[in-house]
Amino acid sequence: MRNITIYLALSLCLLASKLVAQETFESKAKAIAEKITSITNEEKSNLKTEVGEVNLQLEKGTITKEQAEDRKKKLAEARAAIIENRIAVAQLELKDLVQKQVDGKIVENDTLKQGKYSLEFPSLKVKDKSKDQNQVGEYRTTSQLVFATGFNNLVTNGAVANSDFKYNRSSFMEWGISFNTRIFKNNNIFHFKYGLTGVYNILRASENRYFVDNNGQTTLATYPTELRQRDTYFKNVFVTVPLFLEFDFSKKQFDKNNNRIYKIEKGFRFGLGGFVGYNTNSKQFLSYEENGYRINERQKGNWNVPDWNYGLSTYVGYKQTSLYLKYDLNPMFENNVVKQNNVSLGIRFDFN
């Protein structure tokens with residue numbers, strides 16, 4: 001999923017910009033890609049060294065074969081977690097680079113300033129034949145980069161109060177691309193908004209607990225060792241298709257000939273709709289110390305999380321920024337006696 005995220009970000013970047021001279025952006029993107037490769041190779045090399053030390057202990061007879069296999073497994077899991085965490089930092093750099101490019105904040109070098117090359121930053125317009133050739137303004141269908149983040153939790157018995165999960169540490173993140181189509185040719189209020197996004201839903205249990213599959217029931221249990229709260233969490237990853245009816249109250253605009261101009265995200269707006277998503281993976285990360293060593297354990301399974309999820313969502317805001325709320329209609333865990341539904345509240349950005 002990490003590689004998919006990287007490829008998605010790069011693809012969105014290519015859609016967002018048209019480079020006549022590519023030295024500035026592409027060199028930075030290439031450097032980040034090389035950093036990710038370097039991180040992977042470095043950690044694999046470290047793992048090889050650690051495994052070699054375990055094999056040496058096995059040859060000397062200081063540990064048994066079963067102990068050696070167990071240590072190798074834990075070492076591999078720890079290195080995999082380190083790779084994932086280090087690559088996450090590089091991903092944030094890449095995301096920041098993409099956003100700077102979309103905003104036109106990439107600084108040109110001296111060669112560009114001398115006029116030898118030029119940079120063009122279009123606004124992700126999608127051509128629509130339904131636009132009148134004499135009309136000034138945006139096409140009826142435009143595209144946006146979407147990014148949202150905020151708090152995530154579970155609604156239990158219809159309430160989110162007294163939750164088993166930490167309010168300030170449980171979070172969500174969503175990013176992707178969306179399309180906005182003005183429904184009526186000469187009316188700018190009603191819009192149909194749709195797209196494709198990736199979603200991370202993260203839960204951090206309170207009181208040193210973690211999820212267990214107990215005879216088909218996914219419940220929380222107390223872990224026997226003190227967990228490091230910062231690196232212990234449960235994560236679901238979804239690919240979703242959001243659908244909205246958007247009401248855009250941007251002020252009327254006119255050209256110099258007093259002809260009406262249609263533009264979006266220039267004022268107050270809100271959207272009502274829903275989403276359907278597919279769960280690509282569910283993972284639980286546990287981190288603790290044992291005999292002076294830090295152990296990072298990554299568990300991959302389904303924990304009775306359904307393959308598909310669906311729900312309602314809404315947002316209200318001004319220009320590109322809005323308050324964003326999502327609620328899953330289907331329970332997070334199948335067949336549980338206690339029904340728990342995921343809910344997310346945060347800030348959403350639609351970069352037109």
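Reading guide: rules and limits
Residues numbered from 1 in each chain as written. Predicted model: local features only at pLDDT ≥ 70, side-chain atom pairs only at ≥ 80, totals over all residues. Heavy atoms only, no water. Helix = DSSP H or I, 4+ residues; strand = E, 2+ residues; numbered from the N terminus. Contact = heavy atoms within 4.5 Å. Phe/Tyr/Trp six-rings, centres within 6.5 Å; stacked < 30°, edge-to-face > 60°. Buried < 20%, exposed > 50% of the residue type's maximum accessible area, 1.4 Å probe, protein only. 1 Å grid on protein atoms, 1.4 Å probe; cavity = no way out; pocket = protein on both sides within 12 Å on 5 of 7 lines; lining within 4 Å. Points joined across faces, edges and corners; volume = space filled by probe spheres on them. Nonpolar A, V, L, I, M, F, W, Y, C, P; charged D, E, K, R; others polar. Pairing = 2+ DSSP bridges. pLDDT = per-residue confidence, 0-100. Polar contact = N/O pair within 3.5 Å; in protein donor to acceptor, adjacent residues only side chain to side chain. Core = buried A, V, L, I, M, F, W, Y, C linked by side-chain atoms within 4.5 Å. Salt bridge = Lys/Arg side-chain N within 4 Å of Asp/Glu carboxyl O.

(A) Quick peek at the overall build of the chain. Secondary structure summary: the chain contains 4 helices and 15 strands in total. Residue pairs at least 24 apart in sequence account for 69% of intrachain contacts in the chain once pairs closer than 6 positions are excluded.

(B) Representation of the packing of aromatic side chains. This model, assessed by the stated rule, comprises 21 aromatic pairs. Aromatic side chains F179 and Y194 sit 5.8 Å apart centroid to centroid with 25 degrees between the ring planes, which places their arrangement in the stacked category. Of this pair, F179 sits in strand β4 (residues 171–184) while Y194 sits in strand β5 (residues 187–203); the two residues are 15 residues apart in sequence, bridging distant segments of the chain. Taking relative accessible area as the criterion, F179 reaches 26% and is therefore assigned partly exposed.

(C) Main features of the layout of surface pockets. Looking at the second largest pocket, its volume works out to about 560 Å³. Every residue lining the second largest pocket is counted, 17 residues in all, and those nearest its centre are R71, K74, L75, Y293 and I295. Listed by contribution, the elements that provide at least two residues to the lining of the second largest pocket are α2 (23–60), α3 (65–102) and β12 (293–301). With 7 residues, α3 is the single largest residue contributor to the lining of the second largest pocket.

(D) Region of the structure containing empty space enclosed by the protein. A complete count under the given rule lists 4 cavities of 30 Å³ or more for this structure. Counted as a void, the largest cavity has a volume near 110 Å³. Lining the largest cavity are 18 residues, and of these V199, T240, F275, K326 and D328 sit closest to its centre. Contributions of two or more residues to the lining of the largest cavity are made by β5, β8 (233–248), β11 (268–290), β13 (308–318), β14 (321–328) and β15 (340–351). Here the lining of the largest cavity is built from residues that sort into 8 nonpolar, 7 polar and 3 charged. Of the voids in this model, the second largest cavity is the one considered here, and its volume is about 90 Å³. Every residue lining the second largest cavity is listed: N201, N236, F238, V305, P306, N309, D328, N330, P331, M332 and N342. For the lining of the second largest cavity, the class distribution of residues is 5 nonpolar, 5 polar and 1 charged.

(E) Quick peek at the pairing of β15. Within β15, 9 of the 12 residues are buried, leaving the element largely enclosed by the surrounding structure. Pairing of strand β3 (residues 141–156) with β15 involves 12 bridges; the strand directions are antiparallel. Residue pairing for β15: V155 is matched across the bridge by N341.

(F) Quick peek at the confidence of the model for the chain. Of all residues in the chain, 80% attain a pLDDT of 70 or more, and the chain-wide mean is 81. Confidence drops under a pLDDT of 50 for residues 12–23, and excluding neighbours within four residues, the segment shows 30 contacts in the predicted structure. The low-confidence segment residues 108–136 (pLDDT under 50) makes 57 contacts with residues lying over four places distant or belonging to another chain.

(G) Summary view of the side chain of S178. Positionally, S178 belongs in strand β4. Within the local environment of S178, its side chain forms a polar contact with the side chain of K193, the two groups lying 3.5 Å apart. Dropping the residues within four chain positions of it, S178 is found in contact with T142, S143, Q144, V146, K193, Y194, G195 and D350.

(H) Here's a closer look at the nonpolar core. Residues L154, F165, L203, A205, F211, F234, W303, V305, M332 and F333 constitute the largest nonpolar core, which totals 10 residues. Aside from chain neighbours lying at most four places away, what touches F333 is L154, F211, T218, F234, W303, N304, V305 and Q340. In terms of nonpolar packing, the next biggest core, distinct from the first, is built from 9 residues, A29, I36, I83 and L94 among them.

(I) How the structure looks around the environment of V337. Looking at the secondary structure, you find V337 in the loop between β14 and β15. On the accessibility criterion, V337 (71% relative accessible area) is exposed. For the pair V337 and T218, spaced 119 residues apart in sequence, the C-alpha separation works out to 9.5 Å.

(J) Region of interest: the pattern of salt bridges. Taken as a whole and judged by the stated rule, the model has 9 salt bridges. In this structure, R269 and E246 form a salt bridge, with 3.2 Å as the shortest nitrogen-oxygen distance. Within this pair, whereas R269 is found in strand β11, its partner E246 is found in strand β8, the two being separated by 23 residues in sequence. Overall, the relative accessible area of 0% leaves E246 in the buried class. One salt bridge in this structure joins D350 and R269, with 3.6 Å as the shortest N-O distance. Residue D350 is found in strand β15, and its partner R269 is found in strand β11; the two are separated by 81 residues along the sequence. As far as burial versus exposure is concerned, D350 and R269 are alike and both buried.

(K) Spatial organisation of the pairing of β8. Of all 16 residues in β8, 12 are buried, a share of seventy percent or more. Strand direction decides the pairing type here: β5 and β8, joined by 12 bridges, are antiparallel. Within β8, the position partnered with F192 by the bridge is L245.

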